[in-house]
Amino acid sequence: MLKKSEKKNEKKREKEIDNLVKKLTLDEKITMIHGASLFRSGAVERLGIPAIETSDGPMGVRAEFMDDRWIPAGNQDDMVSYLPSNSALASSWNTDLARKMGHVLGAEARGRGKDVILAPGINIKRDPLCGRNFEYMSEDPALTAALVVPFIQSVQKNDVAACVKHFAANVQETGRLFVDETIDERTLYELYLPAFKAAVQEGCAYSVMGAYNKINGAYCCESKTLLDRILREEWGFDGTVISDWGAVHSTKEAAACSMDLEMSIFSDFDEYKLANPLKESIKKGEISEDAVDAKVRNLLRMMYRLKMIGAKKDTREKGAYNLPEHREAIRRTAEESMVLLKNENHALPLDAKKIKKLAVIGVNAAKVHSDGGGSAEIKALYEISPLAGLKMYLGGNIKVAYAPGYYVPVKPKTFETNWQAASLDELKNNTVGQMVRNELGENEEHIKGEQERLTQIERDKAEIHEKNPELFKQAIALAKDADAVIFVGGLNHDYDSEGFDRSDMKLPYEQDLLIEELLKVRKDTIITFVGGSPVEMPWRDKAQAILWSYYAGMETGNAFANIIFGEVNPSGKLAETFPQKYEDCATAKNGQSGAWDKITLEEGLYCGYRHYDRQHLTPAFCFGHGLSYTNFEYGGLTLKAEKGKDVKLTFSVKNVGKRAGAEIVQIYIAPIAAQVDRPDKELKAFAKVELEAGRLKKVSLTLKQETFMHFDVQLHKFIADAGDYEILVGASCQDIRLRGIATLN
Ligand code: BGC
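Residues numbered from 1 in each chain as written. Predicted model: local features only at pLDDT ≥ 70, side-chain atom pairs only at ≥ 80, totals over all residues. Heavy atoms only, no water.

Comments concerning the overall build of the protein chain
The helix and strand tally for the protein chain stands at 21 helices and 26 strands. The C-alpha radius of gyration computed for the protein chain amounts to 26 Å, which stays within 12% of the reference 27 Å derived for 745 residues, consistent with globular compactness. Taking the principal axes of the C-alpha coordinates as reference, the protein chain spans close to 80 × 65 × 50 Å. The proportion of buried residues among the 745 residues of the protein chain is 63%. Within the protein chain, residue pairs in contact and separated by at least 24 positions form 76% of the contacts whose partners lie at least 6 positions apart. Carbon together with sulfur atoms contributes 49% to the accessible area of the protein chain, which is approximately 28,100 Å² in total. (Helix = DSSP H or I, 4+ residues; strand = E, 2+ residues; numbered from the N terminus. Rg over C-alpha atoms; globule rule 2.2 N^0.38 Å. Buried < 20%, exposed > 50% of the residue type's maximum accessible area, 1.4 Å probe, protein only. Contact = heavy atoms within 4.5 Å. Areas by Shrake-Rupley, 256 points an atom, 1.4 Å probe, with all protein chains shown as cover.)

So this is what it looks like as structure tokens:
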């Protein structure tokens, strides 16, 4: 509810907006609603309306590009703090850190002179192979919503708009520019939309990015259902909708719905659908000028909120980038993001005092990742690799021997590796770019491109196979000769990337073979990974310790060393399921993996752990799983349904180990007498509880009535069935420690 004074201000603002709209000519209005450069909208200087400066992206403010070419400007002042990816942030389950990361991103965006930061990415992870999963948070809408709200709020405290993306259900990169997804309404409302709704209603995001894909036959950037009915009417969004780059296909459709700012990968800005073609259509009387006015209003409203215009202009936040406190917050987030998947015989932490020679094996030990991944790439001020972090921690007092262990074909980073640049080039050759331009549903060229990529992978495999034996030999020799061995493998942005999905869930570069060999000679080898999405770990029963790190930002190496040597007690938990094998996934079962032009989300709500529960499948590591160097005991659950609506629960968590740690407690509900088919259990709340050794804390949480609801398609609204619900308190989705029953009237 707005306060009286706020209401008055809003009224005044809307009046000013109306006045401005009246003063603008059609040409000027059209200038404002499409890109005038690759990352900037058009300005109207005559009336003091500035251009809107946008920038990627989710892991830090992307380097400057030339105005009309996908070539870095080559500046020396655009390196920034490299933030943990959203997948890393999500595995911290820490809303306070989400707030801090939002602040860093917002301050740095402002520091770099940006108005809109094209982040956060919050699509639900439907399939572990999706190339951009590393940019997203979770397979679960409640966890995503809980983290995205503080993130957005603190981005925007810096007078920078968050542009939450990609609205909606951008669940795969394969065919992302045109894939048509059939999604039933309930699944959409219960799984793919809630985090966006929270972003808009609670986070108050000033802008939303429309996705490339189609939902139920309509492009997301041209969908009246998505943009008008759901976003504006049902959720009350009055900010700006920005198209993904090149996601607008039709002047008529985009003009007729709430698509406010068309951005694209092309440099013929006047030919954008919402540029000259729109002007022509208006002149011919096919489209009313009112449609343009509505878009301009939404843009101006965002500009007022950002203090780009209006009376508060001089009070706009100044921003700052590369501050030491940004790096400090990034390190803490990295530390809390790393997930200890397995730790038998107290293999971790290592005791530096007992080691004279440490062997570090694996390419990801020495690799930096900030410069890859598509639009999430950034020019980092610095990035500390795990190897550098270990060496810095040990300070030269212990011999650290490194061997890559396996061969990774070098992919030189060229401008062409940027999909946007490649699309432009290909436009000339009548391929991808032409397809986007022509709004084709055909995808032969795309498939050809994908086939070439796969052929290259096969060629690479042959080269890897030829070079690996020697590298394996070196690594094994090193391992045999050391007091402790750490393997650092995983993925990189040749796999976790925009524009394509992985073709399987296996570790590339024959890493499985090397790990098997290492475990044969040293069963105490500490297996660690840096990667953006789950991999199969067929040898996992043989390993004593497995540590997973997502792309965790510039301080990855320091965080890594702190965990390995026990300076920090790991407290991250998985925000997505790690399946035993890809074939277990719902998407694999549908046989839809890799489908290009049409998919049906047949599994419905049964995505991630909801699928594993229903199918009684045991994943390798389940949603919510993560170990600590200490242990926690849960007890004393009491439940009270207040007025038969909200359920208040209290329980205690005790640190029964010898060191301080933090436990993420998870509350799931399992409807007992549901009137409709519902997932066996769903996450509804969580808390991260910090505890000194031996200490106990009481946790109190309230489950609001809304959390018990499901979407009723007939009534077109969320309803809660009366009856019994089992409340499960767990250390993971499979490690349920406490149970109780709550009854709703
Ligand atoms: C991506 C967006 C990104 C935009 C601008 C698109 O290809 O999907 O996430 O913000 O490019 O770089």
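Some words on the domain arrangement of the protein chain
Domain boundaries in the protein chain define domain 1 (14-66 + 77-313) and domain 2 (632-744). On a C-alpha basis, the centres of domain 1 and domain 2 stand 34 Å from each other. Of the roughly 1,300 Å² buried where domain 1 meets domain 2, counting both sides, 63% is carbon and sulfur surface. Looking at the side of domain 1 facing domain 2, the largest losses of area belong to Trp 93, Arg 186 and Glu 190, adding up to 50% of the total buried there. Between the two partners, domain 1 and domain 2, sit 0 salt bridges. Here domain 1 and domain 2 share 6 residue pairs in polar contact (both at pLDDT 80 or more) between them. Mapped onto the side of domain 1 that touches domain 2, the elements with two or more residues apiece are α3 (86-92), α5 (141-156), α6 (185-192) and α8 (224-234). Per element, the largest residue contribution to the side of domain 1 that touches domain 2 is 4 residues, and it comes from α6. Of the residues belonging to the side of domain 1 that touches domain 2, the class tally is 5 nonpolar, 4 polar and 6 charged. (Domains from an automatic or database assignment. Buried area = accessible area lost by both parts, 1.4 Å probe. Salt bridge = Lys/Arg side-chain N within 4 Å of Asp/Glu carboxyl O. Polar contact = N/O pair within 3.5 Å; in protein donor to acceptor, adjacent residues only side chain to side chain. Nonpolar A, V, L, I, M, F, W, Y, C, P; charged D, E, K, R; others polar.)

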